[in-house]
Amino acid sequence: MSTPVGIGIIGMGFMGQTHARAYLDAQRDGVNCELRAVCDRDPDRRAGRATITGNIADAGADDRIFDPQRIAGHAEVDTFLADDSIDLVSICTHTDTHVDLAIRALDAGKHVLVEKPVAVRLSDIDRLRDRAARSDLLCVPAMCIRHWPGWSDLRRMIGSGEHGRVVHARFERLGAPPAWAGAFYADTGRSGGAIFDLHVHDADFARSVFGNPVAVSSIGDAHHISTQYRYADGPAVAAEGGWLNDPAFPFRMAFTVEFERAVMTFDSSRDRSLVLHAGGRANPIELPARTGYDEQARAVVRAVLEPAVAGELPTVDDAHAVTRIIEAEQRSASEGRAVTLDW
């Protein structure tokens, strides 16, 4: 057996704690990896205390996520990156620190999984794209919805063509504003708002299965947007994403995809989230308990161990392309017109 992939996490807020649970679950299931170090200025977080819960039910809090006697806790990035036992770094800090930290991790010889959005400006993503292109190391944007059970099933069904081509697709991702780091998320110059926090997942997923749109037509703003994606020869695709203005509003992600001979639906608020409507029958599809965060962690570890499968993961080029799409959506919404994308 090869040496386990040593994992380190920078930023132990909600996403960092979620990544830690995903790696630890993988480790318990026999995946060849070990969580070895974390980095955060908060001593409780460095010690593995669960301090934050989020909008995915099974990402809830435990008293302690890990044993601090077994996993090193660093207050400073420099000492963390100097740890030779770390092979792969998850970057789970605020968005405006992602690019600089990812570059520092690559410079230190670490593979990188960087939380979405990689950045809210193309010029920042350009810096990371240039650095990643000069490295043999992985630099993977954390587009976890590509791995999410139900969504990964949809991807396979689109690829197989078993129910014909897609005629129409609609995606939806709505929730209350994050209850953590409120000042950061309220500053759209830093966070990008809900369009980068939530809607980015659906913009990326649509692009990954249908290709680059030739134009977008959007209404709304940074906190709640609805977009039509136009293709020269493709399906009708729409997506809505946003933060709604009451903290009691439950998080919901959903899709309805119409094929020539079937309809597939997903709704996270249902007991049976994924249903295939085909042959005059509604057929619920059983999904595994693991989340997209779990599957993403396992996929990245596998790519470190088996470089031949790295091509299955999203790249910084993908993050650059989806940010171009979102910038076009922002222009469309503010100018009240369709915006063409020249690829």
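Above: the structure in question.
Residues numbered from 1 in each chain as written. Predicted model: local features only at pLDDT ≥ 70, side-chain atom pairs only at ≥ 80, totals over all residues. Heavy atoms only, no water.

## Describing the overall build of the protein chain
To keep it simple, the criterion reads: In this description a helix means any DSSP run of H or I spanning at least four residues, a strand means any run of E spanning at least two, and both kinds are numbered starting from the N terminus. For this measure, only C-alpha atoms enter the radius of gyration; the expected value for a globule follows 2.2 Å times N^0.38, where N is the number of residues. Only protein chains enter the accessibility calculation, which uses a 1.4 Å probe; a residue whose area is less than 20% of its type maximum is buried, one above 50% is exposed, and one in between is partly exposed.
Broken down by element type, the protein chain carries twelve helices and 15 strands. Relative to the compact-globule value of 20 Å for 343 residues, the protein chain shows a C-alpha radius of gyration of 20 Å, a close match. The dimensions of the protein chain, computed from C-alpha atoms along their principal axes, are 55 × 45 × 45 Å. Taking all 343 residues of the protein chain together, the buried fraction comes to 55%.

## A few points about the environment of Arg45
Its location among the elements puts Arg45 in helix α2 (residues 43–46). Separated by 42 residues in sequence, Arg45 and Asp87 have C-alpha atoms that sit 21 Å apart.

## As for the pattern of salt bridges
What counts, and what does not: Every case where a carboxyl oxygen of Asp or Glu lies within 4 Å of a side-chain nitrogen of Lys or Arg is listed as a salt bridge.
In the structure shown here, the tally under the stated rule is 25 salt bridges. Across the pair Asp40 and Arg45 runs a salt bridge whose closest N-O atoms are separated by 3.9 Å. By relative accessible area, Asp40 is classed as buried at 12%. The partner of Glu312 in a salt bridge is Arg302, with the nearest N and O atoms 3.8 Å apart. Of this pair, Glu312 sits in the loop between α11 (292–305) and α12 (316–335) while Arg302 sits in helix α11, and the two are ten residues apart along the sequence. Look at Glu312 and you get exposed, because its relative accessible area is 58%. Taken together, the shared-partner salt bridges connect Arg146, Asp204, Arg207 and Asp318 into one network.

## Topic: α11
Stated formally: Here the expected length of a helix is defined as 1.5 Å per residue gap, with one fewer gap than residues. For this analysis, residues touch if any pair of their heavy atoms sits within 4.5 Å.
Over its 14 residues, α11 extends 20 Å from the first C-alpha to the last, a length consistent with the 20 Å expected when each residue adds 1.5 Å. Burial runs high along α11: ten of the 14 residues are buried. Here α11 has its buried residues at Gly292, Tyr293, Asp294, Gln296, Ala297, Arg298, Val300, Val301, Ala303 and Val304. In this fold, the buried residues of α11 make contact with β1 (5–10), α1 (14–28), β2 (33–39), β4 (88–91), β5 (111–115) and β6 (139–142).

## Looking at the packing of α1 against α11
To characterise two packed helices, one gives the angle between the axes of the helices and the distance between these axes. For clarity, the cut-off: Axis lines are fitted to C-alpha atoms, over the contacting stretch for helices. Their N-to-C directions set the angle, which ranges from 0 to 180 degrees. Crossing chirality is assigned from the near helix's rotation relative to the far helix, an anticlockwise turn below a right angle marking it left-handed and a clockwise turn marking it right-handed. Nonpolar residues are Ala, Val, Leu, Ile, Met, Phe, Trp, Tyr, Cys and Pro. Charged residues are Asp, Glu, Lys and Arg, and all others, Gly as well, are polar.
Packing of α1 against α11 leaves a shortest axis separation of 8 Å and a crossing angle of 65°. Two packed elements cross with a definite hand, and for α1 against α11 that hand is right-handed. The segment α1 lies against α11, with Met15, Thr18, His19, Ala22, Tyr23, Asp25 and Ala26 engaging Tyr293, Asp294, Gln296, Ala297, Arg298 and Val301. Its residues assigned to classes, the contact of α1 with α11 shows seven nonpolar, three polar and three charged.

## Focus: the side chain of His163
Among the structural elements, His163 can be located in the loop between α6 (151–160) and β7 (166–175). Among residues more than four places away in sequence, those in contact with His163 are Met157, Phe259, Glu260, Arg261, Ala262, Leu276 and Ala278.

## Observations regarding the packing of aromatic side chains
So the rule is basically this: Geometry of aromatic contacts follows a simple scheme: Phe, Tyr and Trp rings, the Trp one being its six-membered ring, pair when their centres are within 6.5 Å, and the pair is stacked under 30 degrees between planes, edge-to-face over 60, tilted otherwise.
Under the defined criterion, the tally for this structure stands at 13 aromatic pairs. With centroids separated by 5.8 Å and ring planes inclined at 65°, the aromatic side chains of Phe171 and Phe205 adopt a geometry described as edge-to-face. Of the two residues, Phe171 is situated in strand β7 and Phe205 in helix α10 (residues 199–210); the sequence distance between them amounts to 34 residues. Of the two residues, Phe171 and Phe205, neither departs from the other in class, the shared state being buried. Ring geometry for Phe255 and Phe266: centres 5.6 Å apart, planes at 25°, overall stacked.

## A short note on the sheet that holds strand β14 (residues 281–285)
Let me state the cut-off plainly: When DSSP finds two or more bridges between a pair of strands, those strands are recorded as paired.
The sheet built from nine strands is open, its strands ordered β14-β13-β12-β11-β7-β10-β9-β8-β15 with mixed pairing. Each edge of the sheet is formed by a strand with only one pairing partner; in this case those strands are β14 and β15 (339–340). Sheet topology places strand β8 (residues 215–221) next to strand β9 (residues 224–230); seven bridges connect them, and they run antiparallel. For Asp221, the partnering residue across the bridge sits in β9 and is His224. Against the sheet, α10 touches β7, β9 and β10 (236–243), its axis set at about 160° to β7.

## With respect to the pairing of β7
Counting buried residues in β7 gives seven out of ten residues, a clear majority hidden from the surface. Pairing geometry for β7 and strand β11 (residues 252–259), over eight bridges, is antiparallel. Along β11, the bridge assignment pairs Glu172 with Ala254. Looking at chain direction, β7 and β10 are connected through eight bridges and run parallel. Opposite Arg173, over in β10, you have Gly241 as the bridge partner.

## Describing the layout of surface pockets
Selection rule: Here a cavity means grid points, on a 1 Å grid over the protein atoms only, where a 1.4 Å probe fits yet cannot get out; a pocket means an open set of points with protein on both sides within 12 Å along at least five of seven lines; lining residues are those with an atom within 4 Å of a point. Grid points are joined across faces, edges and corners, and a volume is the space filled by probe spheres set on the points.
When its volume is computed, the largest pocket comes out at roughly 690 Å³. In terms of lining residues, the largest pocket is bounded by 37 residues, among which Met15, Cys92, Thr93, Trp180 and Tyr185 are the most central. Elements with a minimum of two residues in the lining of the largest pocket: α1, α4 (98–107) and α7 (182–186). The class makeup of the residues in the lining of the largest pocket is 20 nonpolar, ten polar and seven charged.

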